[in-house]
Number of protein chains: 2
Amino acid sequence: MRRSIATVSLSGSLADKLTAIGGAGFDGVEIFENDLLVSGLSPEDVRRRAADLGLAIELYQPFRDFEAVPPDTLADGLRRAEHKFAVMERLGVTRMLVCSSVSRAAIDDDALAAEQLWLLAERAAEHGIRIAYEALAWGRHVSDYFHAWKIVRMADHPNLGVCLDSFHILARDVDPYAIRTIPGEKIFFLQLADAPSLPMDVLYWSRHYRCFPGQGDLDVAGLVAHVLRTGYDGPLSLEVFNDIFRQAASMRTAQDAMRSLIALEEQVGLRMGRTVTSLSSPPPPVVPTGFAFAEVAAPSMGALGTLLDALGFARTGAHSGKPVELWEQGAARVLVNSGSTESPDGPALGAIGLESPDPAASVKRAEALLSPVLPRMRGPHDAPLDAVAAPDGTEVFFCRTARPDHPSWIDDFSEDRRSAGSAGEITHIDHVALTQPWHHFDEASLFYRSVLGLRPHESLELPDPYGLMRSRAVSTEDGAVRVALNVANVSAYDGSHDLAWQHIAFASRDIVATARRFRAAGASMLSIPENYYDDLVARYDLGPERHRLLRELNLLYDRDEQGEFLHFYTGTTGRVFFEIVQRIGGYRGYGAVNAPVRLAAQHVRPRHRSD
Amino acid sequence: MRRSIATVSLSGSLADKLTAIGGAGFDGVEIFENDLLVSGLSPEDVRRRAADLGLAIELYQPFRDFEAVPPDTLADGLRRAEHKFAVMERLGVTRMLVCSSVSRAAIDDDALAAEQLWLLAERAAEHGIRIAYEALAWGRHVSDYFHAWKIVRMADHPNLGVCLDSFHILARDVDPYAIRTIPGEKIFFLQLADAPSLPMDVLYWSRHYRCFPGQGDLDVAGLVAHVLRTGYDGPLSLEVFNDIFRQAASMRTAQDAMRSLIALEEQVGLRMGRTVTSLSSPPPPVVPTGFAFAEVAAPSMGALGTLLDALGFARTGAHSGKPVELWEQGAARVLVNSGSTESPDGPALGAIGLESPDPAASVKRAEALLSPVLPRMRGPHDAPLDAVAAPDGTEVFFCRTARPDHPSWIDDFSEDRRSAGSAGEITHIDHVALTQPWHHFDEASLFYRSVLGLRPHESLELPDPYGLMRSRAVSTEDGAVRVALNVANVSAYDGSHDLAWQHIAFASRDIVATARRFRAAGASMLSIPENYYDDLVARYDLGPERHRLLRELNLLYDRDEQGEFLHFYTGTTGRVFFEIVQRIGGYRGYGAVNAPVRLAAQHVRPRHRSD
């Protein structure tokens, strides 16, 4: 399939947008009229630049409020159209989007709409131009695709067809199945956008919250499958209005858009049994089976070592060629890298290692989805170990730890790693939580979903004392790998709060013992207010002994239908802290209900603010 | 009236919130439960702090999902309530908010709801506590105040009354008139919030977009008038959930909140003919009659002088005691102050002078609305001239220029001001446009409305190449004073774009002559793309000669039902540029349709971005 994107989806000048779109490997582009109007580039300049970048100009859009209007308005519309046809000829584009009228002057008369669109198509034909008629979800009289198709059928002009837009159809819950009844050659264009479920008016939602397919909650792949079954052979073209993409760097957004299309085509192919061979089919995702390690960049051990030690971790090895230490407890492994340049914020979580059934295949999948392998320094005897960069900069390694069929990264560590056994209760890494830059949240969600095959969970909003934190977990079906993605809309107003905290959550088989051990070692535990425990007594009757224990050990509590969740937090060093969790029964969450307590407690320790 | 505010309306820790609320002069506070739960302060600590700050704790809130539930859930609810009553006794608060059930377990049975609320009230009475029952707009079975009042009447318990909330009532368009039928002593509490008209689900709207009365579009004053007519004598209490206030500095938000209440009380008093004498009545607004001047802080004249000169301004005087020059043309006056410390961005608009019929009364009004007079250096012979600070830091002076009844600031300038007459076409300042910090936009809108008596116009969203600009004008009825408030949600992602541009728009009686004069002087004019003019031809048939003239002179064009609007822009120096406008007929707008063209053109000149 040809891949295209509307210029309105990206930030910057029209020249910037074209460069970014070409750079990301698109085949074509929709020129959004306003982007041309405000540009110093002439239509001929745009045509030349697009050609130089290998981009076909697929569509000129939008032409508004043309059809089903009184006769005098029609004359004005035809006059406007002639001017636009002239611009289109200069651009070298032969397809124009006409969207259904929103004007109060529009008349509810399909025959009139058909007649006037016929006139427009007839004029367009003289210029070799085709008209793609689209039902806006908020059109005055025409607001669903089947209505638009009815009018196109009535008009019956070879230069008139429909434009389908996944947002306009799916946002109003219109059933896309009837698309199959439209002949493919009468579908002149296909625009694609996704959106998160948000309870608001469809126009407002459309203008601010559209996103790329796979980043939201609409079944875009299902719709595309219907369209392709008609024989449609035009481009798949992204058209996204999004407040954040408007501000983000265009090169990066264009790449994110391309990744979304590749993943979408794969989804569509799976739906259709790959009957459309022109769809991309990257190598299938290799779902990770667990965490191999988490790596913290820390110029000196200091507080980090104290925390790990108090949790029952033992230093079990040192890398043979790099200043990296290995700490272990059960299957939980933490690498402490003192060779990286010091971050101004102190220790930071720099990498995670994921257990892969086939690391080479994991890498191929990532590369096909535009996440290239990071260049690395490897010693002559080091085991091969490849990493890709997640959108927030975290390095994701694909590992196969201590399996006979594959060299293991752990063999690069000195022999003394077996010497110090640990008697602690921690068994493995339960999850890692990564704070995302606010403008990379949707990109991150798509990365983990498409590159690693993780499943996104519900998006939550958690109150922080200085704003709202948005949080979304992604995980494997069995929970072996869980990543919590957070974005903090917090106190940007004075720049004094940097909340890019990251944490590693360890699973303990006996959190009470772990907490007692930690406390006995005199290490810094996050203190939970008494008021929390008073409220817990009001909410749950757990028996006095259990309530006393929770309070004594600063343990937080949650439950769902499947089970219970106990957790506590260590103090923070740099950007990093640790959480210890115990899942009892089949509890599936992350204790989100307790996040406000944790966030408020974490604000108590840093510098006091002056308003 | 006693004035109160819910802790949830402000950012920070509970201690920070109480300090800010006390500092802003409130009489009382609602304790939002979650703020207590996450706080390290014990209920006794909170009680003591509030008392030290002179704050009564008016309400403990919210208690959820209590009424109209199955019997086993009722027992659990009563158990929860007893725990909360204990906390309330420690806090020393005797009023609890119970909001209508949202749980799916709730039963649609008013008699059951009444019976269970009676039981709760009976238990509460044992602790000297009263229950204020509130209909949430999204309550499962009880979602309007009259329904809640019906249940309270059925229960008929002295410790049970209703809580009214302006948002829950007005957001759902429930008629508040029937409030008058509720006896005042059965209205146990009154919560107030406003909100801008936004097309979304009421719960989502409530959680993110509430604002203080006078900042949105709801008729809060009308509702309060109905409530006061019942004899209600409890506090007026603000309860606002707002994504921006959550992040803003709490001291400032608390002051903004207090200003809002003072202005609200005045509005209510006007509605009721001041029958409630406990309502505040600040001195009435003194509506300004025009601009006296605009002052630009510019360490050296440079580009600024070149622009003013090319526009036909003449330097007509110098201040007798300060490094300030006066430039004049018609009634348009610009002060250039070279005595201020250099801003890193170069010249900036620092102050505006407004013509006031009574400067002393203007000052009294501002002080009553918490905008204190700024301390100023005044020479022994200088005319008295007082200024207050607008929320974005702009100083607003109250002037009475060259009237025999009042000393005039202009007399502080040297005599040569009369020497250089100007032959230009500029007649006066049409408007000034001020870019607001994003977290002060609502505050600014309330400031201009309440302090200066200006009328807010529709809020607009304008696309910038790197984001969306929100814009709202405020003006006098006759348009003699117009201020455009802009907030730029633009490219915060890399900090490279500072769009805090400000501009002064001068009215010309012959914009073609002004543009020719300006061009002949060789000064820098904002260049408008050819594509804009091609589109203008498509949109309007103005005749070839007029189209040619617009294109030649970089003039932008707009029209409305009343008339036409022509305008052009100068180049930018520092944060400042000038606009020249000509209003033909009764055109009332600001050419907002052309703002995207202007913004894109302004981005062409600064540093080129690299993504």
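Residues numbered from 1 in each chain as written. Chains lettered and ligands numbered in written order. Predicted model: local features only at pLDDT ≥ 70, side-chain atom pairs only at ≥ 80, totals over all residues. Heavy atoms only, no water.

Participant: I keep staring at the nonpolar core and nothing clicks. Help me out?
Facilitator: Side chains of a nonpolar character, in soluble globular proteins, are inclined to be buried together. Core analysis: the biggest nonpolar cluster contains 358 residues, and Phe26, Tyr448 and Phe506 of chain A together with Phe26, Tyr448 and Phe506 of chain B have the highest contact counts within it. Other than its neighbours up to four places away in sequence, Phe26 of chain B contacts Arg3, Ser4, Ile5, Ile21, Gly54, Leu55, Leu238, Ala254, Ala257, Met258 and Leu261 of chain B. (Core = buried A, V, L, I, M, F, W, Y, C linked by side-chain atoms within 4.5 Å. Buried < 20%, exposed > 50% of the residue type's maximum accessible area, 1.4 Å probe, protein only. Contact = heavy atoms within 4.5 Å.)

Participant: Sorry if this is basic, but what is going on with the pattern of salt bridges here?
Facilitator: Working definition: two side chains of opposite charge can pair if their charged atoms are close together. Inspection of the entire model under this criterion finds 66 salt bridges over all chains. Across the salt bridge formed by Arg583 of chain A and Asp430 of chain A, the nearest N and O atoms sit 2.7 Å from each other. With a gap of 153 residues between them, Arg583 of chain A in strand β23 (residues 576–585) and Asp430 of chain A in strand β16 (residues 426–436) connect regions that are remote in the sequence. Judged on exposure class, the residue Arg583 of chain A and its partner Asp430 of chain A are both buried. With a shortest N-O distance of 3.1 Å, Arg2 of chain B and Glu58 of chain B are connected by a salt bridge. Here Arg2 of chain B is found in the segment before β1 (3–6), whereas its partner Glu58 of chain B is found in strand β3 (residues 56–63), with 56 residues between them in sequence. Taking the relative accessible area as the measure of exposure, Arg2 of chain B reaches 36% and is therefore partly exposed. Judged by relative accessible area, which is 7%, Glu58 of chain B ranks as buried. Through salt bridges with shared partners, a single ionic network connects Glu44 and Arg90 of chain A together with Glu530, Asp534 and Arg551 of chain B. (Salt bridge = Lys/Arg side-chain N within 4 Å of Asp/Glu carboxyl O. Helix = DSSP H or I, 4+ residues; strand = E, 2+ residues; numbered from the N terminus.)

Participant: What is the right way to look at the UniProt feature "binding site: Mg(2+)" (unreviewed entry) in chain A in this model?
Facilitator: All names here are of chain A. The UniProt feature table records "binding site: Mg(2+)" (unreviewed entry) at His431, His503 and Glu579. Sequence-wise these annotated residues cover 149 residues; spatially they are packed, their C-alpha atoms never more than 9.2 Å apart. Structurally, the position occupied by His431 is in strand β16. Residues in contact with His431, not counting those within four places in the same chain, are Phe291, Arg482, His503, Ile504, Ala505, Glu579, Val581, Arg583 and Tyr590. Note on placement: His503 falls in strand β20 (residues 502–508). In contact with His503, not counting residues within four places along its chain, are His431, Val432, Ala433, Tyr569, Phe577, Glu579 and Arg598. (UniProt positions renumbered as here; feature names shortened; annotations may be inferred.)

Participant: Explanation requested: the domain arrangement of chain A in the structure shown.
Facilitator: Accessible area lost during the coming together of the parts is what is often quoted as the interface size. Residues and elements named next belong to chain A. Along its sequence, chain A is carved into domain 1 (3–272) and domain 2 (290–604). In this structure, domain 1 and domain 2 have C-alpha centres spaced 43 Å apart. Contacts between the two partners involve 18 residues from domain 1 and, on the opposite side, 17 residues from domain 2. Summing the contributions of domain 1 and of domain 2, the shared interface buries around 1600 Å²; its carbon and sulfur component is 53%. Three residues stand out in domain 1 for area buried against domain 2, namely Gln215, Arg252 and Arg259, and they jointly supply 40% of the buried area on that side. At the junction of domain 1 and domain 2, the tally comes to 3 salt bridges. Taken together, the residues of the side of domain 1 that touches domain 2 break down into 6 nonpolar, 7 polar and 5 charged. (Domains from an automatic or database assignment. Buried area = accessible area lost by both parts, 1.4 Å probe. Nonpolar A, V, L, I, M, F, W, Y, C, P; charged D, E, K, R; others polar.)

Participant: What's the story with helix α1 (residues 14–23) of chain B in this structure? I'm lost.
Facilitator: An α-helix turns once every 3.6 residues. As a result, residues three or four positions apart point the same way. Residue and element names in this part refer to chain B. With respect to burial, α1 is a largely interior element, 7 of its 10 residues being buried. Among the residues making up α1, those that are buried are Leu14, Ala15, Lys17, Leu18, Ala20, Ile21 and Gly22. Looking at the packing, one finds that the buried side of α1 touches β1, β2 (28–32), α2 (33–37), α3 (43–52) and α10 (250–272). Gly25 lies just past α1 and shows a positive phi near 90°.

Participant: When you look at the sheet that holds strand β11 (residues 324–329) of chain A in this model, what are you seeing that I'm missing?
Facilitator: In a beta sheet, neighbouring strands pair by backbone hydrogen bonds and run either parallel or antiparallel. Residue and element names in this part refer to chain A. Read across the open sheet, the 7 strands follow the order β10-β11-β12-β9-β13-β15-β14; overall the sheet is mixed. Every interior strand has two partners, whereas the edge strands, β10 (314–318) and β14 (386–389), have only one. For this sheet the average axis-to-axis angle between neighbouring strands, irrespective of direction, equals 25°. Pairing of β10 with β11 involves 4 bridges; the strand directions are antiparallel. Across the sheet, residue Ala318 finds its bridge partner in β11, namely Glu325. (Pairing = 2+ DSSP bridges. Axes fitted to C-alpha atoms, helices over the stretch in contact; angles between N-to-C directions.)

Participant: Is there a simple way to think about the pairing of strand β1 (residues 3–6) of chain A in this case?
Facilitator: Each regular strand displays side chains that alternate between the two surfaces of the sheet. Residues and elements named next belong to chain A. Residues Arg3 and Ile5 line one face of β1 and the alternating positions Ser4 and Ala6 line the opposite face, and both faces are buried. As paired elements, β1 and strand β2 (residues 28–32) share 3 bridges and run parallel to each other. The residue of β2 that forms the bridge with Ala6 is Glu30. Crossover handedness for the path β1 to helix α1 (residues 14–23) to β2: right-handed. (Right-handed = clockwise from strand over helix to strand, strands pointing away.)

Participant: Before we go on, may I ask you to explain the relation of the copies chain B and chain A in this structure?
Facilitator: Mapping one chain copy onto the other needs a rotation about an axis and a shift along that axis. Of the transformation placing chain B onto chain A, the axial shift is 0.0 Å and the rotation is 180°, giving an RMSD of 0.0 Å. What we have between these two chains is a two-fold relation. For chain B, the minimum C-alpha distance to the rotation axis belongs to Met200 of chain B and amounts to 1.8 Å. Most of the interface of chain B is mirrored in chain A: 100% of its interface residues are interface residues there too. (Least-squares fit on C-alpha atoms with pLDDT ≥ 70 in both.)

Participant: So what exactly am I meant to see when it comes to the sheet that holds strand β6 (residues 160–165) of chain A here?
Facilitator: All names here are of chain A. Overall, parallel pairing links the 8 strands, which are arranged β1-β2-β3-β4-β5-β6-β7-β8 in a closed barrel. Within this sheet the neighbouring strands show an average axis-to-axis angle of 30°, counted without direction. Across the sheet, helix α10 (residues 250–272) touches β1, β7 (187–192) and β8 (236–238), and the angle it forms with β1 is around 135°.

Participant: Got a minute to help me understand the side chain of Ser362 of chain B in this structure?
Facilitator: Residues and elements named next belong to chain B. Mapped onto the fold, Ser362 is located in helix α12 (residues 359–368). Take Ser362: its relative accessible area is 3%, and that puts it in the buried class. Excluding residues that lie within four positions of it along the chain, Ser362 makes contacts with Val286, Ser356 and Phe398.

Participant: Looking at this model, I keep getting lost on the interface of chain B and chain A. Mind explaining?
Facilitator: At the interface, 61 residues of chain B touch 61 residues of chain A. For the pair chain B and chain A, the number of links is 4 salt bridges. For the pair chain B and chain A, the number of links is 24 residue pairs in polar contact (both at pLDDT 80 or more). (Polar contact = N/O pair within 3.5 Å; in protein donor to acceptor, adjacent residues only side chain to side chain.)

Participant: Please explain the packing of aromatic side chains as it appears in this structure.
Facilitator: Aromatic ring pairs: the centre-centre distance and the angle between the two ring planes describe each pair. Across all of its chains, the model carries 32 aromatic pairs over all chains by this definition. On the numbers, 6.1 Å between centres and 40° between planes, the contact of Phe63 of chain B with Phe66 of chain B is tilted. Judged by its relative accessible area of 1%, Phe66 of chain B falls in the buried class. Here the aromatic rings of Tyr145 of chain B and Phe146 of chain B are separated by 6.0 Å at their centres, their planes lie at 90°, and the arrangement is edge-to-face. Take Tyr145 of chain B: its relative accessible area is 5%, and that puts it in the buried class. Ring-pair connections join several aromatic residues into one group, and the members of that group are Phe293, Phe397, Trp409 and Phe413 of chain A. Arg583 of chain A extends its terminal NZ or CZ atom over the ring of Tyr590 of chain A, reaching a point 5.7 Å from the ring centre. (Phe/Tyr/Trp six-rings, centres within 6.5 Å; stacked < 30°, edge-to-face > 60°. Lys NZ or Arg CZ within 6 Å of the ring centre and 35° of its normal.)

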